[in-house]
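Coordinate inspection notes
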Amino acid sequence: MASLKEQLGGLVYSTEHGNTCPDCRRPLAECECAEQVEQARLAELDGIVRIRRETSGRKGKGVTTIEGIPVPANELKALAKALKKRCGTGGAVKEGVVEIQGDHREMLKGELEKRGFRVRLAGG
């Protein structure tokens, strides 16, 4: 295992290449870390989209979360935008999870099934 100095230290900028990735130490233009993380996220999915309603940590406000959508990140943002437009509410995409404000589980289930996904309502 590397020493603490080696873990914390390292090249972050070079006049030759510009900014470098802190993980792989390559120039950002050549870095593939984000692609590897995305491929790992897609590989661990089981093909079932889970929709649940959450209120914890949101001061009582309900949010519908959609997990396990097996599409790349850029397509996930486009899908989230279409779903938010369909529901007429706001939301966000955080770490592969789509959050849509309000309780729209049934509407989202129907919409995702129309798009060809296997959907389950999760939670209570």
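- Under the annotation held in an unreviewed UniProt entry, the protein chain carries the name Translation initiation factor Sui1 and is attributed to Halomonas lysinitropha.
- Recorded in UniProt under Sequence similarities (unreviewed entry), the annotation for the protein chain is "Belongs to the SUI1 family."

**Considering the side chain of Glu38**
- Note on placement: Glu38 falls in helix 2 (residues 33-43).
- Setting aside residues no more than four positions away along its own chain, Glu38 makes contact with Val71, Pro72 and Ala73.

**A closer look at the packing of helix 3 (residues 73-87) against helix 4 (residues 105-114)**
- At a closest axis distance of 11 Å, the pairing of helix 3 and helix 4 adopts a crossing angle of 130°. Regarding the angle of helix 3 to helix 4, the classification is oblique. Note that helix 3 runs across helix 4; the crossing there is right-handed. Here helix 3 contributes Leu79, Leu83, Arg86 and Cys87 to the contact with helix 4, which in turn contributes Met107, Leu108, Glu111 and Leu112.
- Taken together, the residues of the contact of helix 3 with helix 4 break down into 6 nonpolar, no polar and 2 charged.

**Some points on the sheet that holds strand 6 (residues 97-101)**
- Taken together, the 5 strands give an open sheet; going across it, the order is 5-6-4-3-7, and neighbouring strands pair in mixed fashion. Looking at which strands have only one partner, the edges of the open sheet turn out to be strand 5 (91-94) and strand 7 (118-121). The average undirected angle you get between the axes of adjacent strands in this sheet is 20°.
- Across 5 bridges, the pairing between strand 3 (residues 48-54) and strand 4 (residues 63-67) is antiparallel. Note that in strand 4 the partner of Arg50 across the bridge is Glu67.

Conventions adopted
For every chain, the first residue of its written sequence is number 1, and the numbers climb from 1 along that sequence. This being a predicted model, a pLDDT of at least 70 is required before a residue's local features are given, and a value of 80 or more before pairs of side-chain atoms are given or counted; all residues contribute to the totals for chains, interfaces and linings. In computing side-chain properties, one takes all heavy atoms of the structure into account and sets aside hydrogens as well as water. UniProt positions are given in the numbering used here, feature names are shortened, and annotations may be inferred rather than shown by experiment. Put simply, DSSP marks the helices as runs of H or I at least four residues long and the strands as runs of E at least two long, and each gets a number from the N terminus on. The contact criterion used throughout is that any non-hydrogen atoms of two residues lie within 4.5 Å. Axis definition: a line fitted to C-alpha atoms, limited for helices to the stretch in contact. Angles are taken between N-to-C directions and run from 0 to 180 degrees. If an angle is under 35 degrees, it is roughly parallel; if it is over 145, roughly antiparallel; if it lies from 65 to 115, roughly perpendicular; otherwise it is oblique. A clockwise turn of the near helix away from the far one marks a right-handed crossing, whereas an anticlockwise turn of less than a right angle marks a left-handed crossing. Residues are grouped as follows: nonpolar covers Ala, Val, Leu, Ile, Met, Phe, Trp, Tyr, Cys and Pro; charged covers Asp, Glu, Lys and Arg; every other residue, Gly included, is treated as polar. When DSSP finds two or more bridges between two strands, those strands count as paired.

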